[in-house]
Amino acid sequence: MTKVLAFDIGGTKIAYSIIDENGCFLNEVIKVSTPKSAAGIVELLKTTVKGLEDEIDGVAVSTAGAVNNAGTRITSVPGNLPEGYNQTDFMALTTKPVLVENDANSAGWAEFSIGAAKGCRNAVILTLGTGVGAGIIVDGHLLKGKSGAAGEMHFPVDSGHKRVCSGCGMFDCFESFASGTGLNANAREYMGAEATSYDVIRGLKEGDHQARAAFDKWQDYLIKGLIMVANVFDPEVIVLSGSMAKFVEYDKVSREVNGRILTQPFELKEAAFENNAGMIGAALLLIARIK
Ligand SMILES: [Zn+2]
């Protein structure tokens, strides 16, 4: 049975575990705070790999940031990781096979391989978290684009110059509305300067009208974005993952989007995996390559 050490590298934490070819975790997922320097991250990766090298057939890395098409290095560093992280030489971690993939792509591959999109050939997996990420599967292949950055969910969903996106600088971008950051902005707009997305979700349960308005605005823009995604990619399924996915009213959103698209209806589903999808997806991509 092939098994690999899988890392998930994010701005606040790094998680790792050993995963087999069925996507099963062979030991507990260890989580540590992300070191503040690029050198600190490399040191952590090196030490961890060294300690487990005899037990594994390779190293899979799911990371924030765009990754080149060879799966060897990062081509852009997201703002929440230290400067110089893009210089990380992942291939030098071990003489065994190493594969690096973007975290949204990795999570998408996990859902496509053994999760909510299993059995489909065309799927879009949207990660609704602080930002919005996407793993796009076209005819059974991960869509990477020429530079590995395909699936950036930055396109306008409004024309009112209402909000600037912190990711791309455009006005009224999908990410600035449909992310957790977007719901936080709605919370401030409808419920007061101190309010957050937590207040929206709590207020919803209590029947608060302002919370309902803040949530509906978030979900309406999610609907607009899903219409675009469905029209462009014509997927069998769109899977929603990330911290915001559990709040979506799936029946309502699915009905509205499917009623307004030009393609055949698709299925809208919640992700099968929560936090560890990135590690699973990167591990399965590497194991497929090893075999
Ligand atoms: Zn944007």
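Here is a short report on the structure shown in this document.

**Some points on the pattern of salt bridges**
Next, step 1: A complete count under the given rule lists 10 salt bridges for this structure.
Next, step 2: E189 is the partner of R163 in a salt bridge, and the nearest nitrogen-oxygen pair spans 3.4 Å. Separated by 26 residues along the polypeptide, R163 in the loop between strand 8 (141-142) and helix 3 (174-178) and E189 in helix 4 (residues 180-191) bring together distant segments of the chain.
Next, step 3: Judged by relative accessible area, R163 falls into the buried class, the value being 12%.
Next, step 4: A salt bridge links R260 to E256, with the shortest nitrogen-to-oxygen separation between them at 3.6 Å.

**With respect to the nonpolar core**
Next, step 1: Residues L126 and L240 are the most contacted members of the largest nonpolar core, which totals 38 residues.
Next, step 2: Contributing elements (two or more residues each) for this core: strand 6 (123-128), strand 7 (132-138), helix 3, helix 4, helix 5 (197-205), helix 6 (209-233), strand 9 (237-241) and helix 7 (250-258).
Next, step 3: No other element matches the 10 residues that helix 6 contributes to this core.
Next, step 4: Excluding its chain neighbours within four sequence positions, the residues that come into contact with L240 are L126, L128, L222, L226, A245, V248, Y250, L268, K269, E270 and A271.
Next, step 5: I19, F112, A271 and L284 belong to the second-largest nonpolar core, a separate cluster that totals 29 residues.

**Notes on the environment of G225**
Next, step 1: The topology assignment puts G225 in helix 6.
Next, step 2: When near neighbours in sequence (up to four residues on either side) are disregarded, G225 contacts F155, V157 and F174.

**Examining the side chain of S179**
Next, step 1: By the secondary structure assignment, S179 is in the loop between helix 3 and helix 4.
Next, step 2: In this structure S179 comes out as buried when scored by relative accessible area, which is 1%.
Next, step 3: At 2.6 Å, the side chain of S179 and the backbone oxygen of E175 are in polar contact.
Next, step 4: The contacts of S179, once residues within four sequence positions are left out, are G129, T130, G131, V132, W218 and M244.

Calculation rules
Residues numbered from 1 in each chain as written. Predicted model: local features only at pLDDT ≥ 70, side-chain atom pairs only at ≥ 80, totals over all residues. Heavy atoms only, no water. Salt bridge = Lys/Arg side-chain N within 4 Å of Asp/Glu carboxyl O. Helix = DSSP H or I, 4+ residues; strand = E, 2+ residues; numbered from the N terminus. Buried < 20%, exposed > 50% of the residue type's maximum accessible area, 1.4 Å probe, protein only. Core = buried A, V, L, I, M, F, W, Y, C linked by side-chain atoms within 4.5 Å. Contact = heavy atoms within 4.5 Å. Polar contact = N/O pair within 3.5 Å; in protein donor to acceptor, adjacent residues only side chain to side chain.

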